Amino acid sequence: NLLRLLDERIATQNKIIDKLQSLIKGLNNHLYQQYGNEIETSFADLGVSYSGLSGKTATDFGSGKPFITYLNVYSNNVIEETSYQYVRMGENEKQNIVRYGDVLFTLSSETPEEVGIGSVYLGNQEIYLNSFCFGVHITNIQKVFSPYLSYYTSTTQFRKFIYPFAQGSTRFNLCKADFEKASIKLPSLENQKRIYSVLCHITSKVETEKSLLDFYNAQKQYLLRQMFI
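Trainee: In this structure, what is going on with the overall build of the protein chain? I would like to understand it.
Mentor: Looking only at helices and strands, the protein chain has seven helices and twelve strands in total. Here the contacts in the protein chain between residues at least 6 apart in sequence split such that 80% fall between residues at least 24 apart. For the protein chain, the exposed area adds up to about 12700 Å²; of that, 53% sits on carbon and sulfur atoms. Charge centroids of the protein chain, computed over 23 positive and 22 negative side chains, lie 3 Å from each other.

Trainee: Just checking my understanding: could you explain the sheet that holds strand 7 (residues 118–120) for this structure?
Mentor: The strands that make up a sheet are held in pairs by hydrogen bonds between backbone atoms, and each pair lies either parallel or antiparallel. Here four strands make up an open sheet; going across it, the order is 2-9-5-7 and the pairing antiparallel. Here the strands that pair on one side only, and so sit at the sheet edges, are strand 2 (47–51) and strand 7. On average, adjacent strands in this sheet sit at an angle of 25° to one another, irrespective of strand direction. Inspection of the sheet shows strand 5 (residues 103–106) paired to strand 7 by three bridges, in the antiparallel sense. Bridge pairing in strand 7 places Leu 104 opposite Ser 119.

Trainee: How should the side chain of Gln 95 be read in this particular structure?
Mentor: Mapped onto the elements of the fold, Gln 95 is located in the loop between strand 4 (85–87) and strand 5. There is a polar contact of 2.8 Å between the side chain of Gln 95 and the backbone oxygen of Ser 54. A distance of 2.9 Å separates polar atoms of two side chains, one belonging to Gln 95 and the other to Glu 93. With sequence-adjacent residues up to four places away left out, Gln 95 is seen in contact with Gly 52, Leu 53, Ser 54, Lys 56, Met 89 and Tyr 128.

Trainee: Just to check I follow, could you spell out the sheet that holds strand 11 (residues 172–174) for this structure?
Mentor: Spatial ordering of the open sheet is given by 6-11-10, a layout of three strands whose pairing is antiparallel. The sheet terminates laterally at strand 6 (108–109) and strand 10 (166–168), the two strands that pair on one side only. Two strands pair when backbone bridges link them, and strand 10 and strand 11 are joined in this way by three bridges, in the antiparallel orientation. Across the sheet, residue Ala 166 finds its bridge partner in strand 11, namely Leu 174.

Trainee: What's the story with the packing of aromatic side chains in this structure? I'm lost.
Mentor: Aromatic ring pairs are described here by two measures, namely the spacing of the ring centres and the angle between the planes. The full count for this structure, using the stated rule, is 19 aromatic pairs. A centroid spacing of 5.2 Å and a plane angle of 75° characterise the contact between Phe 105 and Phe 179, whose relative ring orientation is edge-to-face. With Phe 105 in strand 5 and Phe 179 in helix 6 (residues 176–181), the pair connects residues that are 74 residues apart, well separated along the chain. Phe 179 gets classed as buried once you look at its relative accessible area, which sits at 0%. Grouped by ring-pair contacts, the aromatic residues Tyr 32, Phe 43, Phe 105, Phe 134, Tyr 148, Tyr 152, Phe 158, Phe 161, Phe 165 and Phe 179 constitute a single cluster. The ring of Phe 134 has Lys 176 sitting right over it, with the charged end atom 5.3 Å from the ring centre.

What counts, and where the lines are drawn
- Residues numbered from 1 in each chain as written.
- Predicted model: local features only at pLDDT ≥ 70, side-chain atom pairs only at ≥ 80, totals over all residues.
- Heavy atoms only, no water.
- Helix = DSSP H or I, 4+ residues; strand = E, 2+ residues; numbered from the N terminus.
- Contact = heavy atoms within 4.5 Å.
- Areas by Shrake-Rupley, 256 points an atom, 1.4 Å probe, with all protein chains shown as cover.
- Lys, Arg positive; Asp, Glu negative; His and termini not counted.
- Charge placed at Lys NZ, Arg CZ, Asp CG, Glu CD.
- Pairing = 2+ DSSP bridges.
- Axes fitted to C-alpha atoms, helices over the stretch in contact; angles between N-to-C directions.
- Polar contact = N/O pair within 3.5 Å; in protein donor to acceptor, adjacent residues only side chain to side chain.
- Phe/Tyr/Trp six-rings, centres within 6.5 Å; stacked < 30°, edge-to-face > 60°.
- Buried < 20%, exposed > 50% of the residue type's maximum accessible area, 1.4 Å probe, protein only.
- Lys NZ or Arg CZ within 6 Å of the ring centre and 35° of its normal.

This is the structure in structure tokens:
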């Protein structure tokens, strides 16, 4: 009976997390629909693009400097700083470094809907980027608040915008040059900051609820182990 009650609490906790994530998605789309036509710009206007790692072989990976993986960009609105992998760098080797506020995109995928998934790096260490991704170093801070892009790139409106730039048949690749020049619309700088603040607080709540879920699962596993001692 105790374990059944714990299972019910775990199921409830999962529902709480799902509802909060749905709230973020819906609110993100709604706020963009309401305020998203205030600035017309393009990623070429917002910053300077750069490519990921180049000239590396399989033997270069496993140790050395940290780099952001394709999966990290694909899976997170904000780069997860505990999921880096490592690559060896030669002395005086020239590779592009990811900086705070850079928006990163996946270049290819097996389906056109998953091309150009975006994420923002909000860390401060020297780090590199996977070769199947590219970044935009934001320089036009008069038009864009970089952290807001972590939510903007996941809006339904942005996903519809980027879909036509996926080209291919069996594997789809982002037409980077056309994508960068294409016109996008953003909220005003002030509204970007406000929207980010609202959504960020809900995201923090999600992380708190996920931590509680981890505790409940750990408690269940502990109790199960004690049954056999």
